[in-house]
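Below are the chains, spelled out letter by letter.
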Amino acid sequence: MINMKNVHKAFGPKKVLRGLTLEVPKGTSMVIIGGSGTGKSVALKCVLGLIAPDSGEILVDGKPADSGDRDAFLARFGMLFQGGALFDSLTVWQNVAFRLLRGSLKRPAEEARAIAIEKLRRVGLTPDVADLFPAELSGGMQKRVGLARAIAAEPEIIFFDEPTTGLDPIMAGVINELIREIVVEMGATAMTITHDMSSVRAIADNVAMLHDGVIQWTGPVAQLDNSGDPYLDQFIHGRAEGPIEAVR
Ligand SMILES: Nc1ncnc2c1ncn2[C@@H]1O[C@H](COP(=O)(O)OP(=O)(O)OP(=O)(O)O)[C@@H](O)[C@H]1O
Ligand SMILES: [Mg+2]
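The structure presented is a predicted model; accordingly, all values stated were derived computationally and were not measured.

(A) Seen up close, the overall build of the protein chain. Across its full length, the protein chain carries eight helices and 10 strands. Its C-alpha radius of gyration of 18 Å places the protein chain within 12% of the 18 Å reference for a compact globule of 248 residues. Expressed as lengths along the three principal axes of its C-alpha atoms, the size of the protein chain is roughly 55 × 40 × 35 Å. Within the protein chain, buried positions represent 48% of all 248 residues. Restricting to contacts in the protein chain with at least 6 residues of sequence separation, those with at least 24 account for 62%.

(B) Inspection of the domain arrangement of the protein chain at higher detail. Domain annotation of the protein chain identifies domain 1 (1-76 + 157-248) and domain 2 (88-154). For domain 1 and domain 2, the distance between their C-alpha centres works out to 25 Å. Across the contact, 19 residues belong to domain 1 and 12 residues belong to domain 2. One salt bridge connects E185 with R122, and the closest N-O pair in it is separated by 3.8 Å. The interface formed by domain 1 and domain 2 contains three residue pairs in polar contact (both at pLDDT 80 or more). At the level of secondary structure, the elements contributing two or more residues to the side of domain 1 that touches domain 2 comprise helix 2 (70-74), strand 7 (157-161) and helix 6 (169-186).

(C) Geometry of the side chain of D161. Inspection of the secondary structure puts D161 in strand 7. K45 is the oppositely charged side chain nearest to the buried, salt-bridge-free D161, at an N-O distance of 6.1 Å. A polar contact is formed between the side chain of D161 and the side chain of S41, at a distance of 2.6 Å. Residue contacts for D161: discarding those within four places in its chain leaves S41, L44, M79, L80, F81, Q82, K143 and I193.

(D) Just the pattern of salt bridges, in detail. In this structure the tally under the stated criterion is 12 salt bridges. Ionic pairing is found between D61 and R76, a salt bridge with its closest N-O pair at 2.7 Å. Here D61 is found in the loop between strand 4 (55-60) and strand 5 (63-64), whereas its partner R76 is found in the loop between helix 2 and strand 6 (77-80), with 15 residues between them in sequence. For D61, a relative accessible area of 34% corresponds to the partly exposed category. Given the relative accessible area of 18%, R76 is considered buried. Across the pair R76 and E156 runs a salt bridge whose closest N-O atoms are separated by 2.8 Å. Taken together, the residues span a long stretch of sequence, with R76 in the loop between helix 2 and strand 6 and E156 in the loop between helix 5 (139-152) and strand 7 at a distance of 80 residues. Salt bridges here are not isolated pairs; linked through shared partners, they connect D61, R76 and E156.

(E) The site of ligand 1, seen in detail. What surrounds ligand 1 is a group of 13 residues, the closest being S36, G37, K40, S41 and Q82. Here an oxygen atom of ligand 1 sits 2.7 Å away from a polar atom, N or O, in the side chain of K40. A distance of 2.9 Å separates an oxygen atom of ligand 1 from a polar side-chain atom of S41. Here ligand 1 has 640 Å² of accessible area as a free molecule, and 64% of this is covered by the chains. Elements with a contribution of two residues or more to the shell around ligand 1: strand 2 (14-24) and helix 1 (40-48). Looking at the shell around ligand 1 residue by residue, the class counts come to three nonpolar, eight polar and two charged.

Quick notes on the rules
- Residues numbered from 1 in each chain as written.
- Chains lettered and ligands numbered in written order.
- Predicted model: local features only at pLDDT ≥ 70, side-chain atom pairs only at ≥ 80, totals over all residues.
- Heavy atoms only, no water.
- Helix = DSSP H or I, 4+ residues; strand = E, 2+ residues; numbered from the N terminus.
- Rg over C-alpha atoms; globule rule 2.2 N^0.38 Å.
- Buried < 20%, exposed > 50% of the residue type's maximum accessible area, 1.4 Å probe, protein only.
- Contact = heavy atoms within 4.5 Å.
- Domains from an automatic or database assignment.
- Salt bridge = Lys/Arg side-chain N within 4 Å of Asp/Glu carboxyl O.
- Polar contact = N/O pair within 3.5 Å; in protein donor to acceptor, adjacent residues only side chain to side chain.
- Lys, Arg positive; Asp, Glu negative; His and termini not counted.
- Near = heavy atom within 4 Å.
- Areas by Shrake-Rupley, 256 points an atom, 1.4 Å probe, with all protein chains shown as cover.
- Nonpolar A, V, L, I, M, F, W, Y, C, P; charged D, E, K, R; others polar.

Below, the structure written as structure tokens:
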């Protein structure tokens, strides 16, 4: 479903992606791990066409991401942004139903609101938050609203950038389970970025570790603990000593 080949991206002198190659088969869940600032969010944004790569090829369902109708292309995706990125002048339900209130997916406001409330329920929020504004919610609640928005239009492909950061362990478990369910029930293809190793184990079919602008290791989640890769081992065990230089 997603095929990235030898993707390069620099910002000025800073080479972030240096030949990233990654495949995500249809209906599977890929989790990307890697140190802060290694380019995980940049990689997701390249697939969505929010950032243009300098070179390399990105195919979505066999087609180049920058070909054809942009609205139709984006309608296939749901995205949970790392910072939530809720619209602060819209209420919670209007945020969740954003895609359902405009463009090709537009439907009557009452129906959109009902769907929003159902999606809020799925992420553990009660209908009484529907008419609040994002600023009136806790950080964890905002995260869940972002998640409800990502799944509201039942997309084929869903990107989750740090879905559990800032949540308590129980809600993180709920969100992990939800992501797993969506992939299985809807047959969606998912790409998740996380630092949370419990998320990795709960939601990944396959794992890829980004380091130095390339995929350092990739494989099925079952091989995570016996990969024999010193970079991966250092990362998953959170060791300060190892081949990855920690910035002190
Ligand atoms: N639009 C941009 N313009 C300039 N530099 C950028 C831009 N977006 C990202 N970068 C730089 O690219 C690098 C990778 O950023 P990115 O957000 O992908 O990191 P990340 O792996 O997602 O890290 P984290 O785990 O902390 O979220 C950083 O050095 C960042 O400053
Ligand atoms: Mg990031």
